[in-house]
Amino acid sequence: MAAKKSNGKTNLIGLRKREYRGGVTTLCAGCGHNSISNQIIAACYELNIVPEEIVKFSGIGCSSKSPAYFLNRSFGFNTLHGRMPSVATGASFGDTSLRAIAVSGDGDTSNIGLGQFKHVMRRNLKLVYIVENNGVYGLTKGQFSATAERGLKLKYQGENTYMPIDIIMEALSSDATFIARSFAGDAKQVKELLKAALTHEGLAILDIVSPCVTFNNRPESKHSYDWGKEHEQQLHDFSFVPKEEEIMIDGEFPEGSTRTITMHDGSTLVLKKLESDYDPGDRWNAMRVVEKSNQEGVLLTGLIHLNTRRASLAKMHNLPEDRPLNRMTERELRPAKKTLDALNAKMF
Amino acid sequence: MTIVKTKTQKTPVGVKRVVNDFSFTIATMNGSGSQTSNLLLLRALFKMGIPVSGKNLFPSNIQGLPTWYTIRVSKDGYIARRDETEIVVALNKDTFVEDLEKVVPGGAFYYADHLKFNIQRDDITMYPMPVLKLVKESGAPTALRDYVANMVYVGSLAGMMGIDMDKIKLALEFHFGGRQKPIDLNFGLIQAAAEWAVDNLEKQDPFYVEPMDATDGLILADGNTSAALGSIYGGVQFLSWYPITPASSLPEALIHNISDLRDDPETGEKNYAIIQAEDELAAIGMAVGAGWSGLRAITSTSGPGISLMTEFIGLAYFAEVPVVIWDVIRVGPSTGLPTRTSQGDLTMVNFLGHGDTQQIILLPGTANECFEFGWRAFDIAERHQTPVFVLSDLDLGMNQWMSEPFEYPDEPMDRGKIHWEGDMEKLQEKWGRYKDVDGDGIPYRTVIGNRHAASSWFARGTGHDEFAVYSEDSQVWEENMARLIRKYETARKSMPEPISENMRGAVIGILAFGSTAAAIDEARDYLKEAGIKTNSMRVRAIPFTAEVKQFLKKYDVVYVVELNRDGQMHQLLTLEYPEFAGKMVSLPKHDGMPLSASWVKEAVMAEEQK
Ligand SMILES: Cc1ncc(C[n+]2csc(CCOP(=O)(O)OP(=O)(O)O)c2C)c(N)n1
Ligand code: SF4
Ligand SMILES: [Mg+2]
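### Looking at the site of ligand 1
All names here are of chain A. The immediate surroundings of ligand 1 are formed by 18 residues, with Cys62, Ser63, Asp106, Gly107 and Asp108 found nearest. At 2.8 Å from an oxygen atom of ligand 1 is found a main-chain nitrogen or oxygen belonging to Cys62. Relative to its free-state accessible area of 590 Å², ligand 1 is covered by the protein chains to the extent of 78%. Listed by contribution, the elements that provide at least two residues to the shell around ligand 1 are α2 (62–65), α4 (106–110) and β5 (136–137). Here the element with the most residues in the shell around ligand 1 is α4; it accounts for three residues. Each residue belonging to the shell around ligand 1 can be placed in one class, and the counts come to five nonpolar, nine polar and four charged.

Next up, the structure:
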């Protein structure tokens, strides 16, 4: 697409922001999922993505409903509870030039869908995989999910006596190639991480704490707005610089305090040092840091791990680059008649 | 080709030769490598022009449990399993005694002479084979000895029954893909065993084979390989699967064969993708995703896998996603008898899903038909935008069948109603994903990658209107479900038609499907000899076509023969045609074995005599 100049009302490809919107949300007012939808809209708009070149996927849950509330001009598939990854995997082969955004919930991913979650990481499907993590099942009215912290007390459910599953630790142990955590209350960071994820040539896991205002938003709950606001600790000041723009690093920070990472498409991730220097390429260190933050009760956010070297699923399959599989015709797909005689002979 | 000369046994005086009309069974242990030698015998007989069939009865085990392979030669062209066996080759000490009992009086019993059992039967001929001695003399390396030992019975049977050595050589060459070393080693032993047998054993049984020309132009193939090849000619683009007996050899054959037929010869690029999924939940999920994205997608499994796939099938039925599912049936419920054959998944698949569903089912009965339905299933799935099931079974899928050669698809690919950008441009009115524009219940679909701004839609399992927009409106729901029935009725008109075999003056019908055809054809001949004339119909698809109704209408009584406990085809026919319920008689059999003609004959006779 030839770069046009934005006139302020449209982005570089001449689309208005509303052309990235979806249907009117039916989620509760104040639900964290809505603010994530808004950041998806903003990120795609700002990245000048053609909506028809995105495919949306989701499982089942309040979170999984949300793809109906962004990117109306994109194809989407609201699949089954816990089994979005398999559908996204199969569909990805239809046209590998497209990008895909998937929304799942903590129940959808860490309870019923834990198996598919782990396997899609093994395969490194090119997919932005967002877990809208609220510690409960919103849609079925507030039961504990597997990410609920031990000791959490809910009105009708009593106390959770089990250990939680940490999405980030699961992703790290599976050696996923892009792993980030954020907080729906930190809109800017969510958007920047989404942009980075959208340029990643592989699976990008975004575990975003997304409070359920109806069933799990008491200040002492680790998935509430209050708790997030008080305990969020950013790993770095994270920003995404698209390939069209020059990287500007302001002079406040001393030498060596900023890391830059170049993505496949030429855009750059800028990670400014906050408390201490953090290298997202070091997976073992990432595990240690995340574990420590969990023990200290800190909501550690930012780009936790990135590996841009591993091939994506599509690349492993040696498909033609110039035309998508789903536009191929009989001429390409049905072997010629003469081959069948040889085949019959082979059958003995 | 060199003509290999080996002596064969002369007919003993006073014995009436039985030629090309008997069965022999090889009793071995699972994992002993006998499959190679059994297939050699089968193929050699086939190349001699003799109608032949082979049935492998194996346990759910990798090594050590007993397994039997029965080969039937039939000058009359009957290829169903028989309940009797005239000859047994005993190589398994654990089943020696029962194997000895199996031989019909007048038959023969070959056994490895190191299995020392002091039992004799004086109504059959006993032939000891010096297996260990011959193997040692063959000079086979120690590591290969157990494996090549099986060639001793190949040679002994060949010498004693008259199997052509050059046909055995052909079969060996085929099996080893022309690799000379194993061919020579094995063939040397076969020849030595044949000569030893002719020189040392005194032939007393009457069973011989002689060349015929009844297999000219036919092929030998198993249903799973046939299905895989058919799928390749159907333009399969996506396969996801999870291993399960008896389905695994279908995807494995596809993987084995697709590169040669489909990869770009210059770049090596592939126009398909294959994934071994983590389970059947994911296998079907991937196939549904691929089908939705516009690819010809397939998965294959057996009963336990089908049950795991159920929720996705409900979704694909309702969201209207084309996908092809092969169910190679084994005996259930649960793990059941995982290595035995059955037609027990019929009603489950017919109603598979939650709420109201009706699935399209194809029912192949021959290897050639597995090939045909392999490609045709994609056309039907894309035409009707719905899951299409192909129900095979262990017997059809895993055993070798004589079959007409595969035929090249006689119709161009039918990609169904699909709109690309150019089509969208030309539309006069607003396109709706679930709008029944043509009145046949089949809407027009678009797939990802379509850049037209009005082409996208949101697929979901929840209620939706004509424009794929979420809806809980009662009327919208009912209209949509009624349209799905309309679509099913449209499908009925183009389903593969049943195949009928008629006799003049028959007033009795036999209805069946799938792998039981051979047994039924044969049984009808026996029934005719007993004065009972029958016509038969082999149903090849659900929804049933008009011919099925006519068949039921025409006869005073229709026996519905099938391999399950509950008479599932009988149940479905009764539901569909309650007006004929009174004259349908269910004849189900569920012993895990391929059906035999004698059982069919007895079952029908018993009913007729009531
Ligand atoms: C197979 C299946 N089992 C159960 C359900 C019921 N169900 C719907 S949503 C849901 C939990 C969703 O929780 P989560 O993924 O955390 O999403 P949230 O609503 O919290 O955003 C459950 C159990 C279902 N739809 N499908
Ligand atoms: S119930 Fe909770 S998760 Fe669901 S929409 Fe409401 S606030 Fe969001
Ligand atoms: Mg949740």
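Moving on from the coordinates now.
### Concerning the pairing of strand β16 (residues 387–393) of chain B
Along any regular strand, the residues point their side chains to alternate faces of the sheet. All names here are of chain B. Burial runs high along β16: seven of the seven residues are buried. Residues Pro387, Phe389, Leu391 and Asp393 of β16 are buried on one face, and the alternating residues Val388, Val390 and Ser392, pointing to the opposite face, are buried as well. Across seven bridges, the pairing between strand β13 (residues 323–331) and β16 is parallel. By the bridge assignment for β16, Ile325 is matched with Phe389.

### Digging into the site of ligand 2
Taken together, the residues surrounding ligand 2 are A:Leu27, A:Cys28, A:Cys31, A:His33, A:Cys62, A:Asn134, A:Cys212, A:Val213, A:Thr214 and A:Phe215. Across the shell around ligand 2, the residue classes tally to seven nonpolar, three polar and no charged.

### A closer look at the domain arrangement of chain B
Residues and elements named next belong to chain B. Parsing chain B into structural domains produces domain 1 (18–208), domain 2 (221–403), domain 3 (417–496) and domain 4 (499–608). One C-alpha centre belongs to domain 1, the other to domain 2, and the line joining them spans 35 Å. Taken together, the contacts link 13 residues of domain 1 with 11 residues of domain 2. For the pairing of domain 1 and domain 2, the buried interface totals around 1000 Å² over both sides, and the portion due to carbon and sulfur atoms is 62%. A per-residue breakdown of the area domain 1 buries against domain 2 is headed by Lys55, Phe58 and Ile79, which together make up 44% of the total. Counting the contacts that link domain 1 with domain 2 gives one salt bridge. Counting the contacts that link domain 1 with domain 2 gives four residue pairs in polar contact (both at pLDDT 80 or more). Going through the elements one at a time, α1 (34–47) and β3 (52–57) are the ones with two or more residues in the side of domain 1 that touches domain 2.

### Observations concerning unusual backbone geometry
Following B:Thr245, the chain continues into B:Pro246 via a peptide bond in cis, with omega recorded as 5°. B:Pro543 follows B:Ile542 through a cis peptide bond whose omega is 10°. Take B:Pro543: it is sitting in the loop between β22 (541–542) and α18 (546–554). Even without being glycine, A:Asn124 reaches a positive phi, approximately 55°. Positionally, A:Asn124 belongs in the loop between α5 (114–123) and β4 (127–133). We classify A:Asn124 as buried; its relative accessible area is 0%. Positive phi values are uncommon outside glycine, yet B:Ala468 reaches one of about 65°.

### Brief notes about the coordination of the magnesium ion (ligand 3)
Ideal geometry at a metal centre: 109.5 degrees between donors when four sit tetrahedrally, and 90 or 180 degrees when six sit octahedrally. All names here are of chain A. With distances of 2.1 Å, the protein atoms coordinating the magnesium ion (ligand 3) are Asp106 (OD), Asn134 (OD1) and Val136 (O). Read in sequence order, the donor residues coordinating the magnesium ion (ligand 3) give the pattern D-x27-N-x1-V. Residue Asp106 is located in helix α4, and its partner Val136 is located in strand β5; the two are separated by 30 residues in the primary sequence. Accessibility assignment for this pair places Asp106 and Val136 in one class, buried.

### A few points about the pattern of salt bridges
Enumeration according to the criterion identifies 62 salt bridges over all chains in this entry. In this structure, B:Glu278 engages A:Arg123 in a salt bridge whose closest nitrogen and oxygen atoms are separated by 2.9 Å. Residue B:Glu278 is located in the loop between β11 (273–276) and α10 (280–292), and its partner A:Arg123 is located in helix α5; the two belong to separate chains. As far as the burial class goes, B:Glu278 and A:Arg123 line up, both buried. Between A:Asp175 and A:Arg310 there is a salt bridge, and its shortest N-O distance comes to 3.2 Å. In this pair, A:Asp175 sits in the loop between α6 (167–173) and β9 (178–183) while A:Arg310 sits in the loop between β15 (299–306) and α10 (313–316), placing the two residues 135 residues apart along the sequence. Look at A:Arg310 and you get partly exposed, because its relative accessible area is 29%.

### A few points about the interface of chain B and chain A
The partner chain A presents 55 residues to the 76 residues of chain B that form the contact. Overall, the association of chain B and chain A removes approximately 5600 Å² of surface from exposure, summing both partners, and the carbon and sulfur fraction of that is 63%. Of all residues in chain B, the largest losses of buried area upon contact with chain A belong to B:Tyr408, B:Arg451 and B:Phe458, amounting jointly to 12% of the total for that side. The interface formed by chain B and chain A includes five salt bridges. The element contributing the most residues to the side of chain B that touches chain A is α10(B), with eight residues. Its residues assigned to classes, the side of chain B that touches chain A comprises 43 nonpolar, 20 polar and 13 charged. By the bridge criterion, three bridges tie strand β2 (residues 75–78) of chain A to strand β18 (residues 458–460) of chain B in an arrangement that is parallel. Within β18(B), the position partnered with A:Gly76 by the bridge is B:Phe458.

### Side note on a negative patch on the surface
Taken together, B:Glu466, B:Asp473, B:Glu478 and B:Glu479 make up a surface patch of like negative charges. Note on B:Glu479: relative accessible area 49%, which makes it partly exposed.

### A short note on the sheet that holds strand β4 (residues 66–74) of chain B
Residues and elements named next belong to chain B. Strand order in the open sheet made by the six strands is β3-β4-β2-β5-β6-β7, with mixed pairing throughout. Each end of this open sheet is capped by a strand with a single partner; those strands are β3 and β7 (125–129). The sheet shows a mean angle of 15° between the axes of neighbouring strands, taken without regard to direction. Bridge count between strand β2 (residues 21–29) and strand β5 (residues 85–90): four bridges; the pairing is parallel. Looking at the pairing, Ala27 lines up with Ala90 of β5. Docked against the sheet, α1 engages β2, β3 and β4, running at close to 5° with respect to β4. Docked against the sheet, helix α5 (residues 150–161) engages β2, β5, β6 (103–112) and β7, running at close to 165° with respect to β2.

### Details of the sheet that holds strand β14 (residues 268–273) of chain A
Residue and element names in this part refer to chain A. Spatially, the three strands line up as an open sheet ordered β12-β14-β13, and their pairing is antiparallel. Since the sheet does not close on itself, it has two edges, and those belong to β12 (236–241) and β13 (258–262), each with one partner. Along the sheet, successive strands turn relative to each other by an average axial angle of 20°, direction set aside. Where β12 lies against β14, six bridges are found, and the strand directions are antiparallel.

### Description of the confidence of the model for chain B
When pLDDT is averaged across chain B, the result is 96; 99% of the residues are at 70 or more. Note on the complex model: pTM 0.97, ipTM 0.97.

### Describing the packing of helix α6 (residues 165–175) of chain B against helix α7 (residues 180–200) of chain B
Axes are the key here: two packed helices are described by the angle between their axes and the distance separating the axes. All names here are of chain B. Where α6 meets α7, the axes come as close as 10 Å, and the angle between the chain directions of the two elements is 155°. Comparing the axis directions of α6 and α7 gives the class roughly antiparallel. In this structure, α6 crosses over α7, and the sense of that crossing is right-handed. Contacts from Met165, Ile168, Lys169, Leu172 and Glu173 of α6 reach α7 at Ile183, Asn186, Phe187, Ile190, Gln191 and Ala194. Its residues assigned to classes, the contact of α6 with α7 shows seven nonpolar, two polar and two charged.

Reading the values: rules and limits
- Residues numbered from 1 in each chain as written.
- Chains lettered and ligands numbered in written order.
- Predicted model: local features only at pLDDT ≥ 70, side-chain atom pairs only at ≥ 80, totals over all residues.
- Heavy atoms only, no water.
- Near = heavy atom within 4 Å.
- Polar contact = N/O pair within 3.5 Å; in protein donor to acceptor, adjacent residues only side chain to side chain.
- Areas by Shrake-Rupley, 256 points an atom, 1.4 Å probe, with all protein chains shown as cover.
- Helix = DSSP H or I, 4+ residues; strand = E, 2+ residues; numbered from the N terminus.
- Nonpolar A, V, L, I, M, F, W, Y, C, P; charged D, E, K, R; others polar.
- Buried < 20%, exposed > 50% of the residue type's maximum accessible area, 1.4 Å probe, protein only.
- Pairing = 2+ DSSP bridges.
- Domains from an automatic or database assignment.
- Contact = heavy atoms within 4.5 Å.
- Buried area = accessible area lost by both parts, 1.4 Å probe.
- Salt bridge = Lys/Arg side-chain N within 4 Å of Asp/Glu carboxyl O.
- Donors = N, O, S within 2.8 Å, 3.2 Å for Na, K, Ca; no water.
- Patch = residues over 30% accessible without salt bridge, like charges linked within 9 Å, V, L, I, M, F, W, Y side chains within 5 Å.
- Lys, Arg positive; Asp, Glu negative; His and termini not counted.
- Charge placed at Lys NZ, Arg CZ, Asp CG, Glu CD.
- Axes fitted to C-alpha atoms, helices over the stretch in contact; angles between N-to-C directions.
- pLDDT = per-residue confidence, 0-100.
- Parallel < 35°, antiparallel > 145°, perpendicular 65-115°, else oblique.
- Left-handed = near helix turned anticlockwise from the far one by under 90°.

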